[in-house]
Amino acid sequence: MTGKTSKRSYPRTISNKARQRIKLASLILLISVSLANHYMKDSRLNSNSDQENYDNKTFKVINVADGDTIFVDWPDNVAMRGRTRIRLIGLDTPELGKGDTKDRPYSREALAFVMKEIMGKEVTLKLEPGRQSSRDKYKRLLAYVYLNDDTMLNELLIEKGMGWPDTRHEHLYEDRFEKLYKIARTNKEGLWQLTDPQIPDFFNLQ
């Protein structure tokens, strides 16, 4: 008895054209997911205020510009940087020289002091409560910087004679900073041992 011969089914070979379409579709999907993640991250940063992003939060210090300016490892959605530049509020330190301008007395000492205290370490930032803007005209974040032992770096710099109170703007601790400055000057700490510390005109020595 002769039966019907069944046909064998063989898997079809995928053509080069189809293979290219699959690769293209996978690539488009990958790019779409990446862009979506990036957008979500940017949206999160842009929707939060400085208070939400920085106040009472801990960050790693990745650079020190001078005695009163540091950088931490958090992207800045205001200044559009990959890191955030912090200006220590309430004090001023001697300026480092630029170009033909010479270093102010004790500017290098102040820089070295801050580098030793916080470079590569974690610090906690606290912003001025109720302040209209948490930024200065250079878009630097104005903050009180706290070390791991809860010492405020802003105060420590004044106490050690590495800087003086910045009297151009009101802030929460101006009375404390003023008292620390007077003690440091009386004890001839840091730059106060110099005959001419070259203090800027805005600060009235008392």
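Everything that follows concerns the structure shown earlier in this document.
Presented here is an overview of the structure given in this document.

The rules behind these values
- Residues numbered from 1 in each chain as written.
- Predicted model: local features only at pLDDT ≥ 70, side-chain atom pairs only at ≥ 80, totals over all residues.
- Heavy atoms only, no water.
- Helix = DSSP H or I, 4+ residues; strand = E, 2+ residues; numbered from the N terminus.
- Buried < 20%, exposed > 50% of the residue type's maximum accessible area, 1.4 Å probe, protein only.
- Contact = heavy atoms within 4.5 Å.
- Areas by Shrake-Rupley, 256 points an atom, 1.4 Å probe, with all protein chains shown as cover.
- Pairing = 2+ DSSP bridges.
- Salt bridge = Lys/Arg side-chain N within 4 Å of Asp/Glu carboxyl O.
- Axes fitted to C-alpha atoms, helices over the stretch in contact; angles between N-to-C directions.

Broken down by element type, the protein chain carries five helices and seven strands. Counting helices and strands in the order they occur from the N terminus, the protein chain gives α-α-β-β-β-β-α-β-β-α-β-α. Within the protein chain, the fraction of its 206 residues that count as buried is 37%. A separation of at least 24 residues holds for 59% of the contacts in the protein chain among residues at least 6 apart in sequence. For the protein chain, the exposed area adds up to about 13,800 Å²; of that, 50% sits on carbon and sulfur atoms.

Here strand β1 (residues 57-66) runs beside strand β5 (residues 122-126); their pairing, made up of four bridges, is antiparallel. From the neighbouring strand, Lys60 faces β5, where its bridge partner is Glu122. Inspection of the sheet shows β1 paired to strand β2 (residues 69-72) by four bridges, in the antiparallel sense. Across the sheet, Val61 pairs through a bridge with Val72, a residue of β2. The turn joining β1 and β2, which pair antiparallel and follow one another in sequence, is formed by two residues.

Another point: the pattern of salt bridges. When the charged atoms of two side chains lie near each other, side chains of opposite charge can form a pair. With the rule as written, the count across this model stands at nine salt bridges. Note that Asp103 is salt-bridged to Arg108, the shortest N-O span being 2.9 Å. Looking at Arg108, the relative accessible area reads 46%, which means it is partly exposed. The residue Asp166 makes a salt bridge to Arg168 at a minimum N-O spacing of 2.9 Å. In this structure Asp166 comes out as buried when scored by relative accessible area, which is 9%. Residues participating in the shared-partner salt-bridge network are Asp68, Arg87, Asp92, Asp166 and Arg168.

Let's shift gears to the sheet that holds β2. Read around the closed barrel, five strands run β1-β2-β3-β6-β5, paired in mixed fashion. Between one strand and the next, the sheet's axes are offset by a mean angle of 60°, whatever the strand orientation. Two strands pair when backbone bridges link them, and β5 and strand β6 (residues 141-146) are joined in this way by three bridges, in the antiparallel orientation. The residue of β6 that forms the bridge with Leu125 is Val145. Sheet strands in contact with helix α3 (residues 107-118) are β1, β2 and β5, and its direction is about 150° off that of β1.

Here the focus is unusual backbone geometry. With phi around 55°, Met80 is a residue other than glycine that occupies positive phi space. Residue Met80 is classed as exposed on the basis of its relative accessible area, which comes to 66%. Phi at Tyr106 is positive, roughly 75°, even though this residue is not glycine. Counting through the fold element by element, Tyr106 comes out in the loop between β4 (91-92) and α3.

Taken by themselves, the reported measurements are silent on function.
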